[in-house]
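# Observations on chain architecture
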Amino acid sequence: MAEEIKMTFIEHLEELRRRLLWSLAAVAVCFIFTYNFSKQIFDLLMQPIIRNLPQGSTLIFTRPAEGFTTYLKVAFFAAIVLAFPFILYQLWRFVAPALYKHEKQIALPFILFGTVFFALGAAFCYFVAAPPAFKFLLSEYSSQYVKAFPSIGEALSFFMALILGFGIVFEFPLIVFVLAKLGIVDADMLKRKRRIAILINTIAAAVITPTTDAFSMMLMLVPLLVFYEMGILVAWVFGKKKEKAGVPAPIP
């Protein structure tokens, strides 16, 4: 059964505040560790950009403190990634009181696969999506008279937004899995909403993508569409089946 003690609105806010503070504390602890390796992390993180710089181009910084603040960003970004499983755990602790006992059993898969899918999304961005995107953006508009000299701060912010965007996109099958197990969504509903989902995914890709060019947007949109179709399959396999007088649920 769900928790019998009902929480008031203020108590919900207090619980949310507690979980946010725990998450921030975890990020702060990880930050102490990652800052000591911020230069190495920056060099590794920037490889997809560095390898696709046109000949004669290089990364630069134009403000005295830009190098310092960039390494702070790197350390903070790495700290979030390192603390991500704990952040997922805090998210689960926030929603768990509203769930039934059997529904709470998906806590471990939620944390485990949430971490794995986020890592897969980040890896897909780093190894597959980012290199051709940077090659196009940095080389297509360079010429004998126009050279690309990206600022390290702007390049890092762009790439971090791209990695986080892909990491979030790769979480979609897991979100559908959780919602399907709770009986909130099913495969039939997702199929009926497919046209609306395509429109929403297109808008989401435009918002998540840190640039306005169509090439980068398509790199984000295609996985969104693919994962929506995967979500339909996930909902059909793992969702609560409706009883229909002996008629089996149709394959999506």
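Everything numeric in this text was worked out from a predicted model, so none of it was measured. (Residues numbered from 1 in each chain as written. Predicted model: local features only at pLDDT ≥ 70, side-chain atom pairs only at ≥ 80, totals over all residues. Heavy atoms only, no water.)

## Quick look at the nonpolar core
The biggest cluster of nonpolar side chains holds 32 residues, and the ones touching the most others in it are Met46, Ile49 and Phe159. Contributing elements (two or more residues each) for this core: helix H2 (38-45), helix H4 (66-95), helix H5 (107-139), helix H6 (152-169) and helix H10 (214-238). Looking at this core element by element, the count peaks at 10 residues for H6. If we ignore the near neighbours within four places in the chain, the residues touching Phe159 are Leu45, Met46, Pro48, Ile49, Cys125, Tyr126, Ala130 and Phe134. Core analysis: the next-biggest nonpolar cluster, separate from the first, contains 24 residues, Trp92, Ile106, Ile111 and Ala235 among them. (Core = buried A, V, L, I, M, F, W, Y, C linked by side-chain atoms within 4.5 Å. Buried < 20%, exposed > 50% of the residue type's maximum accessible area, 1.4 Å probe, protein only. Helix = DSSP H or I, 4+ residues; strand = E, 2+ residues; numbered from the N terminus. Contact = heavy atoms within 4.5 Å.)

## Remarks on the packing of aromatic side chains
The geometry of an aromatic ring pair comes down to the distance between the two centres and the angle between the two planes. On inspection of all chains with the given rule, the structure shows 14 aromatic pairs. Ring geometry for Phe84 against Phe118: centres 4.4 Å apart, planes inclined by 25 degrees, an arrangement best described as stacked. Placement of Phe84 in helix H4 and of Phe118 in helix H5 is noted, with a sequence separation of 34 residues between them. A relative accessible area of 14% places Phe84 in the buried class. Here Phe118 falls in the buried class, since its relative accessible area comes to 7%. Relative to Phe159, the ring of Tyr126 has its centre 6.2 Å away and its plane inclined at 20 degrees; by these criteria the two rings are stacked. Residue Tyr126 is located in helix H5, and its partner Phe159 is located in helix H6; the two are separated by 33 residues in the primary sequence. According to the relative accessible area criterion, Tyr126 is buried, its value standing at 13%. (Phe/Tyr/Trp six-rings, centres within 6.5 Å; stacked < 30°, edge-to-face > 60°.)

## Some remarks on H2
Those residues of H2 not exposed but buried are Ser38, Phe42 and Leu45. Angularly, the buried residues of H2 cover 70 degrees about the axis, an arc narrow enough to put them on a single face. Set apart from the buried face of H2 by more than 90 degrees, the exposed residues are Lys39 and Leu44. As for H2, its buried residues are in contact with helix H1 (9-35), helix H3 (47-50), H4, H5 and H6. (Arc of directions from axis to C-beta.)

Such coordinate-based values are descriptive only and should not be taken to indicate function.
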